[in-house]
Every structure is written in C-alpha cells, then in structure tokens.
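Summary of structural features
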Amino acid sequence: MAYRIGSGVDFHRLTEGRELWIGGINIPHHKGALGHSDADVLLHAICDAMLGALSLGDIGTHFPDSNAAYKNIDSKILLSRTTELIKNEGYRVVNIDSTVCLQEPKIKPYVGQMKNEIALVVGITEKDVSVKATTTEEMGFAGRGEGLIAYATVLLVRV
C-alpha cells in the first residue's frame, strides 16, 4: 500500500501547579495538563495517529509512563522519535489534521506557532498541518475545565 491513514486521540486532566503545553507551545493558563511527560495532548494524539497508521501500537507502547526516562519529557522529543519510527518503516507524513477540545484558554492566538513547531519536528510544511480548536459548549469534563482532549488524523505515504 502506498498510503496509510491513522487516527489518534488523547485526554489529560487539568490541574493547578502544572504548565499547559499544547502543540509544543507553552500556553499561559492557571492550570496545566497532568501526565507523566509534559502532557502535551495534541502531540500525543499526533504520535498515536502516526503509529496507528502503520499498526505499530500506541504512544504508551513506545514511551511507557512506567519508564523514568520519559518523566517530564518534552513531547516534541516523543514526536521526533515517532517520526523516526515512521521513517524506519519507509513512510513519511503527508499531512496532519487535528482538533483540540477545551473550554479555556482560547488557543487561536497560538495556532500558528503550534503548526510551525509540529511541521519542524515532523519535516513537513506548515500548510500540511491543521490545528483547530473547539469548546464542548460547557458540556462534560472539558466543558467544566477539568481536562482537555485532542484528536488527530495523519496521512502517510511510502517513500
């Protein structure tokens, strides 16, 4: 097969005393995402989409939270290593489409920076990266400001 598509999703709880990293960018907010790494929900969803496209398992398989080496790791490193895994299988990323679901903070002012960071790490252009955001209309845990969700779809091509 020349093309493979994958989807990924990630969830993280929001809590006081943590930084909020989304798409490789530190977003000013009074709460941050709770996780073993920097808990970048968007980059984790993208990693899962890339891995899923080639049936390579998930982010937890390759970067388990039981491994101290990944404690507080920058998720851009995880995305870079995932990109290498994809390259080692003979594929590259064509494009990424993603959505972040959170009530606050508003991330639209940071979307350009997120696209740039993701594109640089993966080795594609900003025009090949889509980052969208939506609220959950105050419904569910994301709507109550208790957490956030990211969805990603990635298209890979054999090189």
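From a predicted model like this one, the values you see are computed outputs, not experimental measurements.

A word on helix α4 (residues 111-122)
In this model α4 runs 16 Å from its N-terminal to its C-terminal C-alpha over 12 residues, within 8% of the 16 Å that 1.5 Å per residue would give. For α4, the complete set of buried residues consists of V111, M114, I118, A119 and V122. Buried residues of α4, viewed axially, fall in a sector of 125°; they line one side. Contact partners of the buried residues in α4: β2 (20-22), β3 (25-27), α1 (41-53), α3 (75-88), β5 (91-101) and β6 (129-134). G123 occupies a position one or two residues after α4 and carries a positive phi of about 85°.

Focus on the side chain of S37
Relative to the helices and strands, S37 is located in the loop between β4 (32-33) and α1. The exposure class of S37 is buried, given its relative accessible area of 6%. Residues contacting S37, with those up to four places away along its chain left out, are R18, H44, Y70, N72, I73 and S75.

A few points about the layout of surface pockets
Taken as a whole, the largest pocket spans an internal volume of roughly 210 Å³. Around the largest pocket, the lining is made up of 15 residues, and of these S37, H44, I59, F63 and D65 lie nearest the centre. Secondary-structure elements contributing two or more residues to the lining of the largest pocket are β1 (3-15), α1 and α2 (59-62). For the lining of the largest pocket, the residue count by class is 6 nonpolar, 6 polar and 3 charged.

Examining the packing of aromatic side chains
In this description, an aromatic ring pair is defined by two values, namely the gap between the centres and the angle between the planes. Enumeration according to the criterion identifies 2 aromatic pairs in this entry. Each ring, one from F63 and one from Y70, has its centre 5.5 Å from the other, and the planes form 80°; the classification is edge-to-face. F63 sits in the buried class, given a relative accessible area of 10%.

A few points about the nonpolar core
Core analysis: the biggest nonpolar cluster contains 43 residues, and I22, L42, I46 and I118 have the highest contact counts within it. Elements represented by at least two residues in this core include exactly β2, β3, α1, α3, β5, α4, β6 and β7 (147-158). Element by element, the count of residues in this core is highest for α1, at 9 residues. Other than its neighbours up to four places away in sequence, I118 contacts G23, L42, L43, I46, L79, I96, V129 and V131.

Rules of the game
- Residues numbered from 1 in each chain as written.
- Predicted model: local features only at pLDDT ≥ 70, side-chain atom pairs only at ≥ 80, totals over all residues.
- Heavy atoms only, no water.
- Helix = DSSP H or I, 4+ residues; strand = E, 2+ residues; numbered from the N terminus.
- Expected span 1.5 Å × (residues − 1).
- Buried < 20%, exposed > 50% of the residue type's maximum accessible area, 1.4 Å probe, protein only.
- Arc of directions from axis to C-beta.
- Contact = heavy atoms within 4.5 Å.
- 1 Å grid on protein atoms, 1.4 Å probe; cavity = no way out; pocket = protein on both sides within 12 Å on 5 of 7 lines; lining within 4 Å.
- Points joined across faces, edges and corners; volume = space filled by probe spheres on them.
- Nonpolar A, V, L, I, M, F, W, Y, C, P; charged D, E, K, R; others polar.
- Phe/Tyr/Trp six-rings, centres within 6.5 Å; stacked < 30°, edge-to-face > 60°.
- Core = buried A, V, L, I, M, F, W, Y, C linked by side-chain atoms within 4.5 Å.

Take it as geometry only, folks, not as evidence of what the structure does.
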